[in-house]
Amino acid sequence: MNPLVLFLPVYRASVTAYLLGLVALALLDAMRMQFGLIVIPSWLALPAIWFFVFSLHANRRRHAGQDPVLAVLPVLAAILGKGVGALVGFFPGMFAAMTDFAERNGVDTTDQQAFADAINQPGFQEAFQAEFQARPEMLDTLVAGMAWPSWLGFWLVIALFAIWFARMRRPQAPAPA
């Protein structure tokens, strides 16, 4: 297996190299999320992983005798999946923060109607936003809650494309007559 199939979209990736490369990148991405990468700044690590994922897909398509241009499709879909995952992780945290804020301001959050009336009051959203801006640790908590769902959204989409790309075969030449 040529290890360069991970890094440059100019090689050919067998099914084994392709799948092992995806697993290696997913593990590297998980380590980036958990521990950070010392030698690579975080603002550069994520686009680099996206490029390496693109390279693997392009190399897999090239190995299957197909045009590598469509290798961008899994990456774009996975970035969209990452965004959806981030939203899925964001809203429960935001709802919990809003509920805590309402409780601290005397709203009975067990009464759904009272809670709904309180959050629909014109001053509630402004007060919550002011509290949010005054306490930056709330934003840190919400961002931390988005990390793993966004990671999962990205890699689940890539896994779905991996099933398709791993099944690609070279077109068979017609038998001589």
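In this text, all values refer to a predicted model and were calculated from it rather than measured experimentally. (Residues numbered from 1 in each chain as written. Predicted model: local features only at pLDDT ≥ 70, side-chain atom pairs only at ≥ 80, totals over all residues. Heavy atoms only, no water.)

Engineer: Would you take a moment to explain the packing of aromatic side chains for this structure?
Structural biologist: Pairs of aromatic rings are described using the distance from one ring centre to the other and the angle between the two planes. The final tally for this structure, using the stated rule, is 13 aromatic pairs. Judged by centre distance (5.0 Å) and plane angle (80°), the rings of Phe 154 and Trp 155 are edge-to-face. Here the aromatic residues Tyr 18, Phe 161, Trp 164 and Phe 165 are joined through ring pairs into a cluster of three or more. (Phe/Tyr/Trp six-rings, centres within 6.5 Å; stacked < 30°, edge-to-face > 60°.)

Engineer: What's the story with a nonpolar patch on the surface in this structure? I'm lost.
Structural biologist: Together, Leu 4, Phe 7, Leu 8 and Val 10 line one region of the surface with nonpolar side chains, adding up to about 340 Å² of accessible area. If you trace the backbone, Phe 7 turns up in the segment before helix 1 (15-35). A relative accessible area of 37% means that Phe 7 is categorised as partly exposed. (Patch = residues over 30% accessible without salt bridge, like charges linked within 9 Å, V, L, I, M, F, W, Y side chains within 5 Å. Areas by Shrake-Rupley, 256 points an atom, 1.4 Å probe, with all protein chains shown as cover. Salt bridge = Lys/Arg side-chain N within 4 Å of Asp/Glu carboxyl O. Helix = DSSP H or I, 4+ residues; strand = E, 2+ residues; numbered from the N terminus. Buried < 20%, exposed > 50% of the residue type's maximum accessible area, 1.4 Å probe, protein only.)

Engineer: Just to check I follow, could you spell out the environment of Ala 24 for this structure?
Structural biologist: Take Ala 24: it is sitting in helix 1. Separated by 18 residues in sequence, Ala 24 and Leu 6 have C-alpha atoms that sit 9.2 Å apart.

Engineer: Can you help me understand the side chain of Arg 60 in this one?
Structural biologist: Here Arg 60 shows up in helix 2 (residues 42-63). For the buried Arg 60, no salt bridge exists, and the shortest N-O distance to an oppositely charged side chain is 15 Å, to Asp 67. Polar contacts involving the side chain of Arg 60 include one to the side chain of His 63, which spans 3.0 Å. In this structure Arg 60 touches Ala 13, Ser 14, Val 15, Tyr 18, Phe 165, Ala 166, Met 168 and Arg 169, once residues within four positions along its chain are discounted. (Lys, Arg positive; Asp, Glu negative; His and termini not counted. Polar contact = N/O pair within 3.5 Å; in protein donor to acceptor, adjacent residues only side chain to side chain. Contact = heavy atoms within 4.5 Å.)

Function-wise, these values are silent; they only describe arrangement.
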